[in-house]
Amino acid sequence: MKLKLVLLILLFINITSTSVVAQEREHDFNFDWKFTLVEETKKPTQIPLEDSKWRAIRLPHDWSVEASFNKDLEGCTGYLPGGVGIYQKHFKTPLNTSEKNIFILFDGVYNNATFWLNGKLLGENPYGYSPTYFELTKHLKTDGSENIITVHVDHSRYADSRWYTGSGIYRNVKLITVDKLHIPIWGTFVTTPEITNKKAVVSIETNVKNSDRKSKKFVLTNEILDGKGSSVSIQKKELKVSAGKNLVNTQLLTVSNPKLWDTENPNMYKVVSTISLKGKVVDTYTTPFGIRSLETNDQGFFLNGKSTYVKGVCLHHDGGLVGAAVPEGVWRRRLESLKEAGCNAIRTSHNPFSEEFLDLCDEMGFLVQNEIFDEMDNPKDKQFNLNERSVKYITRGYTEHFQKWGESDLKRTMLRDRNHPSVFQWSIGNEIEWTYPDYKHVSGFWDPENKGGYWNGNIRLTAEEMQARYKALPDRKYKLAETAEKLASWVKDVDTTRPVTANLIIPVASCASGYAAALDIVGFSYQIAHYDWCKKNYPDMIFTGSENSGYLSEWNSILENPMVFSMYMWTGIDYMGESNEKWPRKAFPGDMLDMAGFKKAGWNNFKSIWVNKPNISFNTRLLSDSKFKLDELSGKVVPKKGKTPNWDNHILNDHWNYKKGEMVVVEVSSNLPVVELFLNGKSLGERGLSQCPDRIFRWAVPYEAGTLVAKGGFIGSEIKTELKTASEPIKIKLTVDKTTLNADGYDVAHIIAQLVDKDGNDVKTTNVDLTFEVNGEAKVLGVDNGADTNIQDYQTNSLKTTKGRSLLIIQSLRKKGSIKIEAKSAEFNSNTIQINTK
């Protein structure tokens, strides 16, 4: 009996030890930082700095979004400032450094960041989108006194991109503590080289580092757990690594009856890698992964052997009112809305996103084209795109660092991201041809005699003539084809399981120059009319869409051509920036969601073609504000002369409130073959899809108050939607997406305030100034009304509504309790929302 008790105690100690190691390896290092803005761009020399009067903050943090919009700043980055900021954090040395190695990992700091520990320089990282880490061990204090991390961030070149970047330590920070014998950061690579219905072979490449002065014999165990945490495969191996050396070991494990990862069933597994030294677990490293196969050929893209359309959107990395420091819950809400409309893919335009974002894509089933660079050898013009037109201090961007840092930034990003099943392509660059002006000459589109224009224009030259033009160019310092070959080789150094692609803005010229030949998949930026020409002249290449306007014609190019398997709408969500000289418009209008994450007309349109379920929805606008006219003979809505019926999602309304007699275009997005429209019970006729080349059913209707109803479908399975005239507002209605938050300092809730009438109808044509009152254990992250012209401060609790509504985002604190939220205007009050934190 005593022997059994001893064995049980030893078992408990072993389990507890493993658990403690797993928990202690990574520490959340986001809390209890100090921050200040400074005028001087020169780096301080006396470090650490006196910070008793600095602001206390929690990371992630974006200081630019805290400021007011200013028309005297640059629209390319959203009329918000940059500047120079300094962060410091005080902490005790966590463990005995004679036995442990300690690192700090930054997922993203924008930008030109320099790092010190206790005044000792750790290093720098100019690129604001690449993760970086530093070892702290030899600089940590061992006398029990405090250590101080200092981070200097120089974003004084605040117009250094063509979109809003944010400023500061805007992604997560972790402190990582490991044994002298350990798996380094990003030290595993999990692939699935063989997959059948009955089994999957999982290859686990594990890097083990011995930073001790003695060689080590150890046992490496790799165990695969399924989504429920059950062990499905395990393998152990005895190994030896010399002092101060790294060892890379590959183990092949088999998973029976695997559950595959795809966009509809994103099944996840994880590898738990443990290092045991003399029977004691000294390191545990967990790697989430998915079992899935990728194949692309002339017939399209195949995920797990199944032909799959890539229904994608381009996204920038800001989250509206939270700027670039986007909480996980804000991305989750936005991605859920995109998923509901049938979107299954994201292009990270035009830079790597956070690790947290990719975790969500793994979980929710989004394919990710992971894009690395927007500039390479030569700079873009940040204000007007194309090649740089003037040299200004504030617009100095990544080109200043690419030659020295390009390989390191690319490879660090890939090492972090390569185990994510969502990542299915590596894009090395976006519209890079603009920065090599001679490419315009190669294509012939800009020749004086060319009258066809550039966008999808007629191709005048033969492929041989373009190649001859390219070869006749004078010698240049940088050649894009050579740079692309170099980048593609860097990618292959890290990962050969995914294809290399890029977004080409002049594909015909890129084929002639050899740029396209460096890619596994050639992505087209628009230019869908050139697919067939490129394939005819370059039959060994695969061409597809990687940036599109969001027109139905672009989706049809996929349906009509098996090779063209993808489109990425520009853009899925409104984003700050790219608004030079467009004040007060501070943001670029996307198609599906606005700045506050509210659904737009394009959300309805894309749902009608991307989701294989009956769908029907309304939008309206004045006939005079549209590209259409009323055909007097037929009574139908037809395009004005010279106008095409492409989707125009930016000026549509979702209300039925106009002046009596005004001619209104009623637009119905639907995938049904026939739709009938009713106004106050009276039929206004049917429309068939065959009459709607852009799949939008349209009627011209003289406005009359009441109820619009659209219905369609087969008898017995009809569906309908309705739109009612709203009367005067009488109150503010509050709704919330979550009534319980985790008291972890991260969880968020979205509260929507909407004016409603006496019957509960949303009032979209009246706006008021309102104030949110928040009481309890919460932080107000800010407010927005979704309009791309909204230049009210974000980080406040008051604003004027748009479409009668506004959004408040709150974040939990690290204290349990309750939160009460109300909204008030001069005329109206709201209901009360209560949220509990636990």
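Coordinates for the structure precede this section.
Residues numbered from 1 in each chain as written. Predicted model: local features only at pLDDT ≥ 70, side-chain atom pairs only at ≥ 80, totals over all residues. Heavy atoms only, no water.

**Q** Pulling in residues and values, what's your account of the overall build of the chain?
**A** Scanning the chain for helices and strands turns up 11 helices and 49 strands. The C-alpha atoms of the chain give 29 Å as radius of gyration, which agrees with the globular expectation for 838 residues (28 Å, within 12%). Across its three principal directions, the C-alpha atoms of the chain cover 95 × 70 × 65 Å. In the chain, buried positions account for 58% of the 838 residues. For the chain, restricting intrachain contacts to residue pairs at least 6 apart in sequence, the fraction spanning at least 24 positions comes to 69%. (Helix = DSSP H or I, 4+ residues; strand = E, 2+ residues; numbered from the N terminus. Rg over C-alpha atoms; globule rule 2.2 N^0.38 Å. Buried < 20%, exposed > 50% of the residue type's maximum accessible area, 1.4 Å probe, protein only. Contact = heavy atoms within 4.5 Å.)

**Q** Before we move on, could you go through the pattern of salt bridges and cite the residues and values that matter?
**A** Here the structure, examined in full by the defined rule, presents 40 salt bridges. In this structure, Lys 411 and Asp 493 form a salt bridge, with 3.0 Å as the shortest nitrogen-oxygen distance. Of this pair, Lys 411 sits in helix H4 (residues 399-417) while Asp 493 sits in helix H7 (residues 480-494), placing them 82 residues apart in sequence. Judged by relative accessible area, Asp 493 falls into the exposed class, the value being 54%. (Salt bridge = Lys/Arg side-chain N within 4 Å of Asp/Glu carboxyl O.)

**Q** If you had to explain the pairing of strand S9 (residues 146-155) to someone new, which residues and values would you point to?
**A** Of all 10 residues in S9, nine are buried; the element is thus mostly enclosed. Pairing between strand S4 (residues 83-92) and S9: 10 bridges, direction antiparallel. Directly across from Gly 85, in S9, lies its bridge partner Val 153. Pairing analysis gives five bridges linking strand S6 (residues 113-117) to S9, with the strands arranged antiparallel. Each bridged residue has a counterpart across the sheet, and for Phe 115 the counterpart in S9 is Val 151. (Pairing = 2+ DSSP bridges.)

**Q** If you had to explain the nonpolar core to someone new, which residues and values would you point to?
**A** Grouped together as the largest cluster of nonpolar side chains are 125 residues, with contacts concentrated most on Leu 338, Phe 543, Met 592 and Trp 610. It is H7 that provides the largest number of residues to this core, a total of seven residues. Grouped together as the second largest cluster of nonpolar side chains are 25 residues, Ile 57, Ile 104, Ile 149 and Val 153 included. (Core = buried A, V, L, I, M, F, W, Y, C linked by side-chain atoms within 4.5 Å.)

**Q** Quick one: what's the story with the sheet that holds strand S14 (residues 216-225), residue by residue and with numbers?
**A** One open sheet holds the four strands; their spatial order is S15-S14-S17-S18, and the pairing between them is antiparallel. The sheet is open, and its two borders are formed by strand S15 (231-241) and strand S18 (280-289), each paired with just one other strand. Between one strand and the next, the sheet's axes are offset by a mean angle of 15°, whatever the strand orientation. Judged from the nine bridges that link them, strand S17 (residues 269-277) and S18 form a sheet pairing that is antiparallel. Of the residues in S18, the one forming a bridge with Ser 273 is Tyr 285. (Axes fitted to C-alpha atoms, helices over the stretch in contact; angles between N-to-C directions.)

**Q** Before we move on, can you summarise the packing of aromatic side chains with the specific residues and values?
**A** For the coordinates displayed, the defined rule picks out 44 aromatic pairs. Grouping aromatic residues by their ring pairs yields a cluster made of Tyr 110, Tyr 127, Tyr 129, Tyr 170, Phe 373, Tyr 398 and Phe 402. The cationic tip of Lys 599 hangs over the ring face of Trp 603; the distance from NZ or CZ to the ring centre is 4.1 Å. The ring centre of Phe 598 lies 4.0 Å from the NZ or CZ of Arg 805, which sits over that ring. (Phe/Tyr/Trp six-rings, centres within 6.5 Å; stacked < 30°, edge-to-face > 60°. Lys NZ or Arg CZ within 6 Å of the ring centre and 35° of its normal.)

**Q** Pulling in residues and values, what's your account of the packing of helix H2 (residues 328-340) against helix H3 (residues 355-364)?
**A** Packing of H2 against H3 brings their axes to within 10 Å, and their N-to-C directions diverge by 40°. Accordingly, the angle class assigned to the pair H2 and H3 is oblique. Taken as a pair, H2 and H3 cross one another with a handedness that is right-handed. When H2 is examined against H3, the residues Glu 328, Trp 331, Arg 332, Leu 335, Glu 336 and Lys 339 are found in contact with a partner set consisting of Glu 356, Phe 357, Leu 360, Cys 361, Glu 363 and Met 364. For the contact of H2 with H3, a count of residues per class yields six nonpolar, no polar and six charged. (Parallel < 35°, antiparallel > 145°, perpendicular 65-115°, else oblique. Left-handed = near helix turned anticlockwise from the far one by under 90°. Nonpolar A, V, L, I, M, F, W, Y, C, P; charged D, E, K, R; others polar.)

**Q** Describe the side chain of Thr 188, and please don't skip the residues or the numbers.
**A** Considering the arrangement of structural elements, one finds Thr 188 in strand S12 (residues 188-195). Polar side-chain contacts of Thr 188 include one of 2.7 Å to the side chain of Thr 287. Aside from chain neighbours lying at most four places away, what touches Thr 188 is Ile 183, Glu 205, Thr 206, Ser 273, Tyr 285, Thr 287, Arg 418 and Asn 419. (Polar contact = N/O pair within 3.5 Å; in protein donor to acceptor, adjacent residues only side chain to side chain.)

**Q** Residues and numbers for the pairing of strand S22 (residues 310-315), please.
**A** The buried fraction of S22 amounts to six of the six residues, a majority that puts the element mostly inside the structure. The alternating pattern of S22 places Val 310, Gly 312 and Cys 314 on one face and Lys 311, Val 313 and Leu 315 on the opposite face, and all of these are buried. As defined by bridge partners, S22 adjoins strand S29 (residues 566-569) across four bridges and the pair is classed as parallel. Each bridged residue has a counterpart across the sheet, and for Val 310 the counterpart in S29 is Ser 566. Sheet topology note: the S22/strand S23 (residues 345-348) ladder contains four bridges and is parallel. Pairing of Gly 312 across the sheet is with Ala 345, part of S23.

**Q** Could you give an account of the sheet that holds strand S39 (residues 707-712), naming the residues involved and the relevant values?
**A** As summarised here, the arrangement of the four strands in space is S37-S36-S39-S40, forming an open sheet in which the pairing is antiparallel. For this open sheet the edge positions go to strand S37 (682-688) and strand S40 (719-724), each flanked by a neighbour on one side alone. The sheet shows a mean angle of 20° between the axes of neighbouring strands, taken without regard to direction. Of the strand pairs in this sheet, S39 and S40 are connected by six bridges, and their pairing is antiparallel. Looking at S40, one finds that Gly 712 is bridged to Ile 719.

**Q** Let's hear about helix H11 (residues 601-610): which residues, and what values?
**A** With 10 of its 10 residues buried, H11 lies for the most part within the structure. When we look at burial in H11, the residues that qualify are Ala 601, Gly 602, Trp 603, Asn 604, Asn 605, Phe 606, Lys 607, Ser 608, Ile 609 and Trp 610.

Just geometry here; none of it tells us what the structure is for.
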